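# Structure at a glance
Here is what each chain is made of, one letter per residue.
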Amino acid sequence: MSKQPLPLHQPTTRAPLQSKRGFALKTTAQAAMLALPLGMLGLTGQAHAGAANTCMGTTVLHAAADGSAVADGLSWGSATTLHGALAISNADTTTHCFEIRLKQGVYKPATLNAGETHIDTISQERGKTFSVLRAVQLKGGYTGIGESREINAENTVLSGDIDSNDTTTNGITRKASITYIDSNTPTRPGGDIVGNNSNLVMALGGLEQSASKANFTSSQQDGSFTQLEGLTITGGSAFASLGESLSNFSGGMACATLPPEPPILTAARKDTPTDSEAPGNACAPLLKNVLFAGNAAVIGGGLLAANNSGTSSLKVEDSAFSGNFGNIYGGAIAVVPLFGQPSALANRFQLDVSNSVIENNSSIAFGGGIIFTSAPSKDSASELNISKSIFRGNAASQKFIDPNSEAPLSNGGSILVMPLSTSDTSSGPINTRISESRFENNHADSFGGAIAVITGIMPGASHLTTQVDSSSFTNNTAESGGAIANVISGVGTSSLFSVVNSTFDGNATTAPANTDASSGRGMGGAIFTGSDGSTNEVAMVVDQSTFNGNTASANASAIQNLSARGGKSILTVERSILWGTPASGETIVVANGVLNENNAYEPADPVDSDAKSTLNANIIQGGWTANGTGNIDADPMLSPIANNGGLTSTLLPQSGSPAIDAIACDAAVTTDQRGKARPQTSGAQCDIGAVELQQFKLDVTVTPGAGAAGSVSATAGAAPVDPAKPIANCGSSDAAAQCSANYGE
């Protein structure tokens, strides 16, 4: 067990974002557009003739890509279309017809001639979607013969390629992007998307106020259990070759909860909503073995969870998001409020992602992979939980539309956590937990190549808690905070961020080498943490972690702690390895500093300044004596990064490393990054860093005899010794003797 969490109608044509560089991230105008205006969208589904009678006798419907729209769907012999099955299910008022089985094949919401030039026809067909208005299970992979089924997302495809001219493999559009010309020209599709695709492939909740009573939950014991399993959702696009974008609800799938009427928000409106305003709706389906690929949207390229009434609480298991694009926010997933401004009606947001892969997704501004926001003005905390997942090759970058951009505002290459509020309200707290996950080759133009936790983009107070546990970060890049950025501004805001049992290797800042350090540019090869404003406080705690080979163009190859304009920024690093700075160039591993009244960087006293840093019992290149005890400057003798067991990448100390058995164990940290016990032997010391090296004892017994008749026997301890490693010389003796030696992994 590891240490427990510490207490504490928007246009689709986008010009490159411009701002003055500032640590305070004054980008309120752009960020306000994240809270979506209520858009109109698409098909609610026509009631199938005789739906009530059909549904009285079964809980299962059958759909096939070549099914008949007028069939009843009661068997594979009478399979209907997916639209037909949804119409039957949507119209049913009983507990029946809650499962739709899909035969392997490619399903499209509409059909459009690739040469169509009539704008009204294009818009009408692009506006059609697979619409789910009641709890249902959609299960792909069926062969059409009895119950035979192969659960493989790629054999059952829901595709927005309605004009059939995307670049696809097995019917799947693999990569979405945009073609940007200028601010006076509509943004057009790019990547593998060609022509005019569905604006949105699938909608849960209908995205209309008339559908607001629908509930979709992820508990199998709940009558509203909703699941998508064994499906691919691909080729949805807000951007068309002809005409304009149809709606903010676009891309792969949207899931929304809406109140009966738009709320009237005032400065005094900070109370709990009434039952009629927030009827407890839930948009919380289970997505299992689902692939979202090659979708493009304004917000949430693959999946948009938008909430203004009740709860958005999605569970994503054993799934993948690949090659999706968000024009502004959330290339893969966006969890956001609705109605133009953050409202008092949203109860809470939650997103759970486990055993999944999020790779090669991108956005122009915020959250190349995931953007997660808070439910404003509520006491209940929103929660983001990531476990046993891989984030690889995601990017938040304005360079998609302007390769020469010099004022990047793109944050969170893989994950951006960003609370939303108004000037009159505080946002609800956000608790984030990331465990046993890998972050590799992600990029952000500005803060946080892998993860960014940022406040101050909207004016209200925010309170955040983030824990990263047993995870690895390799080769991530950003202008500041190559792997992680914890950037707090605004008014009355706090953020507590802890990193335990984790590895950082080869992360880097991307600011030019001659960049001045104002606003934190080029700082924190692995981690950047800072607070801006006298009413704000940030704390970063790093324990039992390993940093190696990270680089920074301006300052602090491992960790930068920074205060601006009186913000309180506290850094604590204990029992960790901070090593691997290049032999030439910048040599400071951990740096503590402030921005002065001229926005210029100055080193600061780690004891007596607004930026305070304490380091205890670490191995740190160049040493540290400013504040803390027990730090040593000695080569930790790390092996190259590799999979050394567990789900993530680690750096093993070699036998003889000063990290081995060097410190008293922390009772709160009972395992290492791989789940191996700390310590290895009861009563022993623990290793510094993310890995507790397993050492095995070999007992060698020498029995002399006459002439050459003597014998030698060896008994391994806890596990066999690697025969490829040399046996320690136990010496020799004329008499019976025994010796032992320890061997590392």
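Residues numbered from 1 in each chain as written. Predicted model: local features only at pLDDT ≥ 70, side-chain atom pairs only at ≥ 80, totals over all residues. Heavy atoms only, no water.

### Section: the environment of Cys255
The line we're drawing: Secondary structure elements are defined from DSSP: runs of H or I of at least 4 residues count as helices, runs of E of at least 2 residues count as strands, and each element is numbered from the N terminus. Any pair of residues with heavy atoms lying within 4.5 Å of one another is described as a contacting pair.
Of note, Cys255 is situated in strand β13 (residues 251–257). It is 4.7 Å that separates the C-alpha atoms of Cys255 and Leu204, two residues lying 51 residues apart in sequence. In this structure, Cys255 is in contact with Leu204, Cys283, Pro285, Leu304, Ala305 and Ala306, ignoring residues within four places of it in sequence.

### Structural notes on the packing of aromatic side chains
Put simply, the test is: Planes of paired rings set the category: under 30 degrees apart is stacked, over 60 is edge-to-face and the rest tilted, where pairs are Phe, Tyr or Trp rings (Trp by its six-membered ring) whose centres lie within 6.5 Å. We call a residue buried when its accessible area falls under 20% of the maximum for its residue type, exposed when it is over 50%, and partly exposed in between, using a 1.4 Å probe and counting protein chains only.
Going through the model one piece at a time under the given rule, you end up with eight aromatic pairs. Seen in terms of ring centroids, Tyr329 and Phe366 are 5.4 Å apart; in terms of plane orientation they differ by 25 degrees. Their pairing is stacked. In this pair, Tyr329 is assigned in strand β20 (residues 325–329) and Phe366 in the loop between β24 (362–363) and β25 (370–372), connecting sequence segments 37 residues apart. Per residue, the accessibility class of Tyr329 equals that of Phe366, and both read buried. Residues Phe473 and Phe504 carry aromatic rings whose centres are separated by 4.7 Å and whose planes lie at 5 degrees to one another, so their mutual orientation is stacked. Of this pair, Phe473 sits in strand β35 (residues 472–474) while Phe504 sits in strand β39 (residues 503–505), and the two are 31 residues apart along the sequence.

### Section: the pattern of salt bridges
Here is the rule: Any carboxyl oxygen of Asp or Glu that lies within 4 Å of a side-chain nitrogen of Lys or Arg is treated as forming a salt bridge with it.
What the rule picks out here adds up to 20 salt bridges. A salt bridge links Lys288 to Asp318, with the nearest nitrogen and oxygen atoms 3.0 Å apart. Of the two residues, Lys288 sits in strand β15 (residues 286–293) while Asp318 sits in the loop between β18 (310–317) and β19 (320–322), which places them 30 residues apart along the sequence. A residue is classified by how much of its surface remains accessible, and Lys288, at 22% relative accessible area, is partly exposed. We classify Asp318 as partly exposed; its relative accessible area is 32%. Put simply, Asp532 and Arg565 hold a salt bridge, and the shortest N to O gap is 2.9 Å. Here Asp532 is found in strand β41 (residues 527–532), whereas its partner Arg565 is found in the loop between β44 (559–564) and β45 (568–574), with 33 residues between them in sequence. The network of salt bridges with common partners includes Glu99, Arg101, Lys139 and Glu147.

### Some points on helix α3 (residues 82–91)
For α3, the buried fraction is high: eight of the 10 residues fall into the buried class. Among the residues of α3, those classed as buried are Leu82, Gly84, Ala85, Leu86, Ala87, Ile88, Ser89 and Asn90.

### Some remarks on the state of the cysteines
Covalently bonding the sulfur atom of one cysteine to the sulfur atom of another cysteine gives a disulfide. Worth spelling out the cut-off: When two cysteine sulfur atoms lie within 2.5 Å, the pair is treated as a disulfide.
Inspection of every chain in the model, using the stated rule, returns two disulfides. At a sulfur-sulfur separation of 1.4 Å, the disulfide partner of Cys255 is Cys283. On the sign convention where negative is left-handed, the bridge of Cys255 and Cys283, at about -115 degrees about the S-S bond, is left-handed. Here Cys255, found in strand β13, pairs with Cys283, found in strand β14 (residues 282–283); they are 28 residues apart in sequence, far enough to count as distant. Each disulfide pairs two cysteine sulfurs, and for Cys665 the partner residue is Cys686, the sulfurs being separated by 1.9 Å. Torsion about the S-S bond of the Cys665 and Cys686 cystine: about 100 degrees, corresponding to right-handed handedness. On the criterion of sequence distance, the pair formed by Cys665 in the loop between β50 (619–620) and β51 (696–703) and Cys686 in the loop between β50 and β51 is long-range, its members being 21 residues apart.

### Things to note about the sheet that holds strand β16 (residues 296–299)
Inclusion rule: Strands are labelled as partners when DSSP assigns at least two bridges between them.
Ordered in space as β16-β20-β24-β28-β32-β36-β40, the seven strands form an open sheet in which the pairing is parallel. Only two strands of the sheet have a single partner each, and these edge strands are β16 and β40 (508–509).

### With respect to unusual backbone geometry
Note the cis peptide between Arg678 and Pro679, where omega equals -10 degrees. With respect to the helices, strands and loops of the structure, Pro679 is situated in the loop between β50 and β51. The residue Asn360 is not glycine, and still its phi comes out positive at about 60 degrees. Mapped onto the elements, Asn360 comes out in the loop between β23 (357–359) and β24. Residue Asn360 is classed as partly exposed on the basis of its relative accessible area of 37%. The phi angle at Arg565 is positive, at roughly 50 degrees, despite the residue not being glycine.

### Quick word on the confidence of the model for the chain
The line we're drawing: You can read pLDDT as the predictor saying how much it trusts each residue, on a scale of 0 to 100.
Confidence in the prediction of the chain, expressed as mean pLDDT, is 80, and 72% of residues score 70 or more. Residue range residues 1–22 is modelled with pLDDT below 50. Its contacts to residues more than four positions away, or to other chains, number 78 contacts. Counting contacts from residues 24–57, a segment whose pLDDT is below 50, to residues more than four positions away or on other chains yields 101 contacts.

### Focus on helix α4 (residues 119–126)
Note the following rule: As used here, the arc belongs to the directions running from the helix axis to the C-beta atoms.
Three or more residues of α4 are buried, namely Ile122, Glu125 and Arg126. Around the axis of α4, the buried residues are gathered within 100 degrees of arc, so they sit on the same side. Away from the buried face of α4 by more than 90 degrees, exposed residues Asp120 and Gln124 are located. Here the buried face of α4 lies against β11 (200–204).

### Points about the pairing of β15
Of all eight residues making up β15, six are buried, and the element is well covered by its neighbours. Inspection of the sheet shows strand β12 (residues 227–234) paired to β15 by seven bridges, in the parallel sense. In the strand pairing of β15, Glu229 is matched with Lys288.

### Observations regarding the nonpolar core
Applied cut-off: Buried Ala, Val, Leu, Ile, Met, Phe, Trp, Tyr and Cys residues that are joined via side-chain atoms within 4.5 Å together make up what is termed a nonpolar core.
In terms of nonpolar packing, the biggest core is built from 79 residues, with Ile100, Leu138, Leu158, Leu351, Ile415, Ile484 and Ile527 touching the most fellow members. In terms of residue count, the dominant contributor to this core is α3 (four residues). In this structure Ile415 touches Ile370, Leu384, Ile386, Phe391, Ile434, Phe439, Ala450, Ile451 and Ala452, once residues within four positions along its chain are discounted. Counting 40 residues, the second-largest nonpolar core is a separate cluster that includes Tyr180, Phe325, Ile371 and Met523.

### Some points on the environment of Ala334
Mapping Ala334 onto the fold places it in strand β21 (residues 333–337). Among all residues touching Ala334, those that are not within four sequence positions of it are Ile299, Gly300, Leu303, Leu304, Ala305 and Ile371.

### Re the pairing of strand β38 (residues 494–500)
Two faces, one strand: in a regular strand the side chains alternate between the faces of the sheet. β38 sits mainly inside the fold: seven of its seven residues count as buried. Residues Ser494, Leu496, Ser498 and Val500 line one face of β38 and the alternating positions Ser495, Phe497 and Val499 line the opposite face, and both faces are buried. Pairing of strand β34 (residues 463–469) with β38, which is carried by seven bridges, proceeds in the parallel orientation. Within β38, the residue paired with Gln467 across the bridge is Ser498. Sheet topology note: the β38/strand β42 (residues 537–543) ladder contains seven bridges and is parallel. Across the sheet, the residue bridging to Val500 is Asp543, located in β42.

### Remarks on the environment of Phe321
As for its placement among the helices and strands, Phe321 is situated in strand β19. Given a relative accessible area of 1%, Phe321 falls into the buried group. For the pair Phe321 and Asn360, spaced 39 residues apart in the sequence, the C-alpha separation amounts to 8.3 Å. For Phe321, the contacting residues outside a window of four places in its chain are Phe292, Leu303, Val316, Ala332, Ile333, Val357, Ile358, Glu359 and Asn361.

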